[in-house]
Amino acid sequence: GTTWMIEILSLICRNGDVTWCREVPNFMRIPWLDVGGIGVKLVDEVHSPRFLASHLPIHCFPKSLFSSKAKIIYIARSPKDVLVSLYHYAHMSYLMKKPSSFDELMEDFLQGRVPFGSWFDHIKGWMQMKDKKNFLLVTYEDLKQDQRGTIKKICTFLENELEEQAVDLVLEHSSFNSMKKNNMSNNTMVPDYIMDTKNNQFMRKGIIGDWKNHFTQEQKEYMDSIYHEKMKAIDVKFSWD
């Protein structure tokens, strides 16, 4: 979802012109706060107004962010599909251990023993911002079910309204097929000491509900029970609920 959002924002800020997306890797267009070394250098070099990406939980950000005028777009996704995506990512990434089984990763995921911690704590933390004017919640499911409407909502939030023809271009060039064919967007440009993209594809399916091809009924019921217990205090209706 984050990679998709990077592409959408890259296109919106260029009024749908695909040139930037075709010539510059996504991690250089919108650098990651999470990555040390080259990541820090890229963040420092980006000119204002800046777009920055992050997977970090809310407590890792300085308090100054929340009194600033910075706009925050938070993209969330069904935890079941996140788990499946993470499972495949774990088999190509050198940044996390490879699970011996789907069951093992599920237990680690539910207990927060994965990069960036608990999915539940992460989303509950950022939902503290849900009523702020400079915060926009977008779900992967929103984008799949109404990509045009969601892109226009993002444009409004950024105060960068696009003509319909430009929206058409954003839609076209941020589609799964377009991104998968674009080496500047499909993460094949990521250094090979971070990710093995020669034997694995970062962009696999780009669909909603792929978890149904991986979960047993017992696993579904187990995860549902934990989800409802951990999320019962949140007064936010998500598109996967």
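Quick notes on the rules
Residues numbered from 1 in each chain as written. Predicted model: local features only at pLDDT ≥ 70, side-chain atom pairs only at ≥ 80, totals over all residues. Heavy atoms only, no water. Helix = DSSP H or I, 4+ residues; strand = E, 2+ residues; numbered from the N terminus. Rg over C-alpha atoms; globule rule 2.2 N^0.38 Å. Buried < 20%, exposed > 50% of the residue type's maximum accessible area, 1.4 Å probe, protein only. Contact = heavy atoms within 4.5 Å. Areas by Shrake-Rupley, 256 points an atom, 1.4 Å probe, with all protein chains shown as cover. Lys, Arg positive; Asp, Glu negative; His and termini not counted. Charge placed at Lys NZ, Arg CZ, Asp CG, Glu CD. Pairing = 2+ DSSP bridges. Salt bridge = Lys/Arg side-chain N within 4 Å of Asp/Glu carboxyl O. Axes fitted to C-alpha atoms, helices over the stretch in contact; angles between N-to-C directions. Parallel < 35°, antiparallel > 145°, perpendicular 65-115°, else oblique. Nonpolar A, V, L, I, M, F, W, Y, C, P; charged D, E, K, R; others polar. Left-handed = near helix turned anticlockwise from the far one by under 90°.

J.: Describe the overall build of the protein chain, and please don't skip the residues or the numbers.
T.: Of the regular secondary structure elements, the protein chain holds 12 helices and two strands. What you see in the protein chain, going N to C, is helices and strands ordered as α-α-α-α-β-α-α-α-β-α-α-α-α-α. Compactness check: the protein chain gives a C-alpha radius of gyration of 18 Å against a globular reference of 18 Å for 241 residues, within 12% of the reference. Expressed as lengths along the three principal axes of its C-alpha atoms, the size of the protein chain is roughly 50 × 45 × 35 Å. Taken across its 241 residues, the protein chain has 46% of its residues classed as buried. Of all intrachain contacts in the protein chain linking residues separated by at least 6 positions in sequence, the fraction that spans at least 24 positions is 65%. As displayed, the protein chain offers around 13,300 Å² of accessible surface, 51% of which is attributable to carbon and sulfur atoms. Side-chain charges of the protein chain comprise 31 positive and 31 negative groups, with the mean position of each set lying 2 Å from the other.

J.: Describe the pairing of strand E1 (residues 72-76), with residues and values.
T.: For E1, the buried fraction is high: four of the five residues fall into the buried class. In terms of strand pairing, E1 meets strand E2 (residues 135-139) through five bridges, oriented parallel. Bridge pairing in E2 places Ile72 opposite Phe135.

J.: Run through helix H6 (residues 102-111), naming residues and quoting values.
T.: Looking at H6, one finds that the buried residues are Phe102, Leu105, Met106, Asp108, Phe109 and Leu110. Once H6 finishes, Gly112 follows within two positions and takes phi at roughly 80°, a positive value.

J.: Describe the pattern of salt bridges, listing the residues and the values that go with them.
T.: Scanning all chains against the criterion turns up 13 salt bridges. Among the salt bridges present, the one from Glu164 reaches Arg148, with a minimum N-O distance of 2.8 Å. Linking Glu164 in helix H10 (residues 164-173) with Arg148 in helix H9 (residues 147-157), this pair joins segments that are 16 residues apart in sequence. We classify Arg148 as partly exposed; its relative accessible area is 29%. Salt-bridge contacts for Asp224 lead to Lys220; the nearest nitrogen and oxygen are separated by 2.7 Å.

J.: With reference to specific residues and values, describe the packing of H6 against helix H12 (residues 217-231).
T.: Packing of H6 against H12 brings their axes to within 12 Å, and their N-to-C directions diverge by 5°. Of the possible angle classes, the one that applies to H6 and H12 is roughly parallel. Counted together, Phe102, Asp103, Met106, Glu107, Phe109 and Leu110 of H6 and Gln219, Tyr222, Met223, Ile226 and Lys230 of H12 form the full contact between these two elements. Of the residues contributing to the contact of H6 with H12, the split by class is seven nonpolar, one polar and three charged.

J.: Requested: an account of the packing of helix H1 (residues 2-12) against H9, with residues and values cited.
T.: Two elements in contact, H1 and H9, have axes whose closest approach is 11 Å; the angle formed by their N-to-C orientations is 60°. Put simply, H1 runs oblique to H9. Regarding H1 and H9, the two cross each other, and that crossing is right-handed. Of the residues in H9, those in contact with Trp4, Met5, Ile8, Leu9 and Ile12 of H1 are Gln147, Ile151, Ile154 and Cys155. Tallied by class, the residues present in the contact of H1 with H9 amount to eight nonpolar, one polar and no charged.

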